[in-house]
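# Summary of structural features
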Amino acid sequence: MTSPRPTLYRDAALADPTGPSLRTGVSLLVDAGHVVWTRPSTDEGDLPPNVHVIDAGGSTIVPGMVDAHSHVTLPGGSHWIDRGADPPEELLDVAEHNGDLLGRAGVRWARDVGAPLAVDPRDGRRRALSLRVRERWQADPNRPRIRVAGTWIGHSGVLTGGLAIEADEGPALLKAASTQLDDGADFLKLYLDGPKKEEAPWSTEDVRAVVELAHGRGAKVTAHSGFLVGARVGIDAGVDSLEHGFELDSDAVAQMARQGTFLVSTLAIFRSWASFAQTTTLPRFVTDEGKERIGHRRERAIESVQLAYRAGVRIATGTDFGGGSLRANHLAWEVEALVEAGLKPWEALASATVRGGDLLGETTAGRIFEGGPADFFLVHGDPLTDPTALWRVWRVAWLP
Ligand SMILES: [Zn+2]
């Protein structure tokens, strides 16, 4: 919300996730949706005559977060896959609910990495629902700012329910990519798990052709990567980022670091599935065999993030809400998971803020600076040393 009056947040702490220490005793002046200045509360200087003062004592100002792996049209939960087949009008309502949840959790930006296809009643074309959500939200300053990949592009026999575009060889893959960009996708999402998990769905050359096409049109390419064989193809082909990266090795992360390939971690998925052992009756979560399988994948995924971190790979992060089982207001859970994987808490917060902005190519996202947008929220506690502080949201500057 752009308040008609300038607003002063007085005597807060400020969490800048480019370093480990809070600044305390900070006053921050907002006018017309922008940060005018930050000054010591003991030395605010002249204030605008009609200023609205908020006593922010005991709270911490945090940059609005970036959920770099989200699915805004889907609700998540233990039946997340089934929900993808719900009627489009219902999914558009889900998106509105998710928009509320994201904002209240301090998430300013959502990078949507896949939405179901549906016929758009305005022109009868079948395209990703997320494109309609982006249009709806563009003009509303209370809504998350989003960038969308359109729909998933996958090999046949991988993604269920006819929600995605299927392409089995080079020319079809290139055509699918081109169609997504024509529809208005901001970037492309390839699904680099194949029908057989020990084989990548496409050749490096085929994926490289997509990367060249997209880059030529000013768009980036990201790739879902559950297994090493697909990750290798994506990295060799020069994709801009890998999503999940659940099975990376030291060669893969070294090459990612050299090339500047981002990793978008989604480790909290495994925390969510572990919780389903208590809260659901679904055999794959509650049986000993299911729990063991999930435990193995979780350990391997954590190891992958550790390898990437030590190699200096740029790590952005996301919940995978909707496309996985988390909900839209769970990004704090992922920051906690990154800390468990070995990132310092302030580095994990950087992954959920500035690094996500870097990945999007949005220079203001996840940052607080004079003249920049007033995209911050206030929590209790120090999120630079304790990720659980991110659950304790008190206020969100861009919301009423
Ligand atoms: Zn996903």
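Refer to the structure printed above.
Description of the structure in this document. (Residues numbered from 1 in each chain as written. Predicted model: local features only at pLDDT ≥ 70, side-chain atom pairs only at ≥ 80, totals over all residues. Heavy atoms only, no water.)

## Remarks on the layout of surface pockets
By volume, the largest pocket is sized at about 1,000 Å³. As for the largest pocket, its lining consists of 37 residues, of which Trp80, Ile81, Tyr191, His224 and Gly323 are closest to the centre. Elements represented by at least two residues in the lining of the largest pocket include exactly helix 1 (80-83), strand 13 (187-191), helix 8 (268-279), helix 9 (283-286) and helix 10 (288-311). Its residues assigned to classes, the lining of the largest pocket shows 17 nonpolar, 13 polar and 7 charged. (1 Å grid on protein atoms, 1.4 Å probe; cavity = no way out; pocket = protein on both sides within 12 Å on 5 of 7 lines; lining within 4 Å. Points joined across faces, edges and corners; volume = space filled by probe spheres on them. Helix = DSSP H or I, 4+ residues; strand = E, 2+ residues; numbered from the N terminus. Nonpolar A, V, L, I, M, F, W, Y, C, P; charged D, E, K, R; others polar.)

## Points about the coordination of the zinc ion
The coordination sphere of the zinc ion contains the protein donors His69 (NE2), His71 (NE2) and Asp320 (OD), at a distance range of 2.1 Å. Of note, the zinc ion draws all its donor residues from one chain, in the sequence arrangement H-x1-H-x248-D. In this pair, His69 is assigned in strand 6 (residues 65-70) and Asp320 in the loop between strand 17 (315-317) and helix 11 (331-340), connecting sequence segments 251 residues apart. In terms of burial, His69 and Asp320 fall into one category: buried. (Donors = N, O, S within 2.8 Å, 3.2 Å for Na, K, Ca; no water. Buried < 20%, exposed > 50% of the residue type's maximum accessible area, 1.4 Å probe, protein only.)

## Re unusual backbone geometry
Despite not being glycine, Asp11 shows a phi value in the positive range, around 60°. The residue Asp11 is located in strand 1 (residues 7-14) in this model. Even without glycine at this site, His244 takes up a positive phi of about 70°. Here His244 is to be found in strand 15 (residues 241-244). Accessibility expressed as a relative area gives 5% for His244, which makes it buried.

## Overview of the pattern of salt bridges
This structure, assessed with the given rule, holds 28 salt bridges. Across the salt bridge formed by Glu89 and Arg132, the nearest N and O atoms sit 3.5 Å from each other. With Glu89 in helix 2 (residues 88-104) and Arg132 in helix 3 (residues 129-138), this pair connects stretches of sequence that are 43 residues apart. Residue class for Arg132 comes out buried when judged on its relative accessible area of 11%. Glu303 is the partner of Arg300 in a salt bridge, and the nearest nitrogen-oxygen pair spans 3.5 Å. Here Glu303 and Arg300 lie together in helix 10, a separation of 3 residues that amounts to about one turn. By relative accessible area, which is 37% here, Glu303 ends up partly exposed. Three or more residues joined by partner-sharing salt bridges are found here, namely Glu89, Asp120, Arg122, Asp123, Arg127, Arg132 and Glu135. (Salt bridge = Lys/Arg side-chain N within 4 Å of Asp/Glu carboxyl O.)

## Remarks on the pairing of strand 1
When you tally the buried positions in strand 1, you get 6 out of 8 residues, the bulk of the element. As defined by bridge partners, strand 1 adjoins strand 4 (residues 52-55) across 4 bridges and the pair is classed as parallel. The partner of Leu8 across the bridge, within strand 4, is Val53. Relative to strand 5 (residues 60-63), strand 1 runs parallel, the two sharing 2 bridges. Pairing of Ala13 across the sheet is with Thr60, part of strand 5. (Pairing = 2+ DSSP bridges.)

## Overview of the packing of aromatic side chains
On inspection of all chains with the given rule, the structure shows 6 aromatic pairs. Taken together, a centroid distance of 5.9 Å and an interplanar angle of 20° make the contact between Trp80 and Trp273 stacked. Note that Trp80 is positioned in helix 1 and Trp273 in helix 8, a separation of 193 residues in sequence. Summarising the burial analysis for this pair, Trp80 and Trp273 share the class buried. Residues Phe270 and Trp273 carry aromatic rings whose centres are separated by 5.6 Å and whose planes lie at 80° to one another, so their mutual orientation is edge-to-face. Taken as a pair, Phe270 and Trp273 lie in helix 8 at a separation of 3 residues, close to a single helical turn. The pair Phe270 / Trp273 is uniform in exposure class, with both members buried. Counting every residue linked through ring pairs, the aromatic cluster contains Trp80, Phe246, Phe270, Trp273, Phe276 and Phe285. (Phe/Tyr/Trp six-rings, centres within 6.5 Å; stacked < 30°, edge-to-face > 60°.)

## Looking at the environment of Pro201
By secondary structure assignment, the location of Pro201 is in the loop between strand 13 and helix 5 (204-216). We classify Pro201 as buried; its relative accessible area is 9%. With 163 residues separating them in the primary sequence, Pro201 and Thr38 have C-alpha atoms 51 Å apart. Among all residues touching Pro201, those that are not within four sequence positions of it are His155, Tyr191, Leu192, Asp193 and Gly194. (Contact = heavy atoms within 4.5 Å.)

## Remarks on the pairing of strand 5
By the alternation rule, side chains of strand 5 split into Thr60 and Val62 and Ile61 and Pro63, which are all buried. Here strand 5 runs beside strand 18 (residues 376-379); their pairing, made up of 4 bridges, is antiparallel. Looking at strand 18, one finds that Pro63 is bridged to Phe376.

## Topic: the sheet that holds strand 10 (residues 145-148)
Spatially, 6-7-10 is the arrangement adopted by the 3 strands of the open sheet, whose pairing is parallel. Both outer strands of the open sheet, strand 6 and strand 10, are each paired with one neighbouring strand and no more. Averaged over all pairs of adjacent strands, the angle between strand axes in this sheet comes to 15°, irrespective of strand direction. Pairing of strand 6 with strand 7 (residues 107-112) involves 4 bridges; the strand directions are parallel. When the sheet's bridge partners are listed, Val66 is paired in strand 7 with Trp109. Along the sheet, helix 3 makes contact with strand 7 and strand 10, crossing strand 10 at roughly 155°. (Axes fitted to C-alpha atoms, helices over the stretch in contact; angles between N-to-C directions.)

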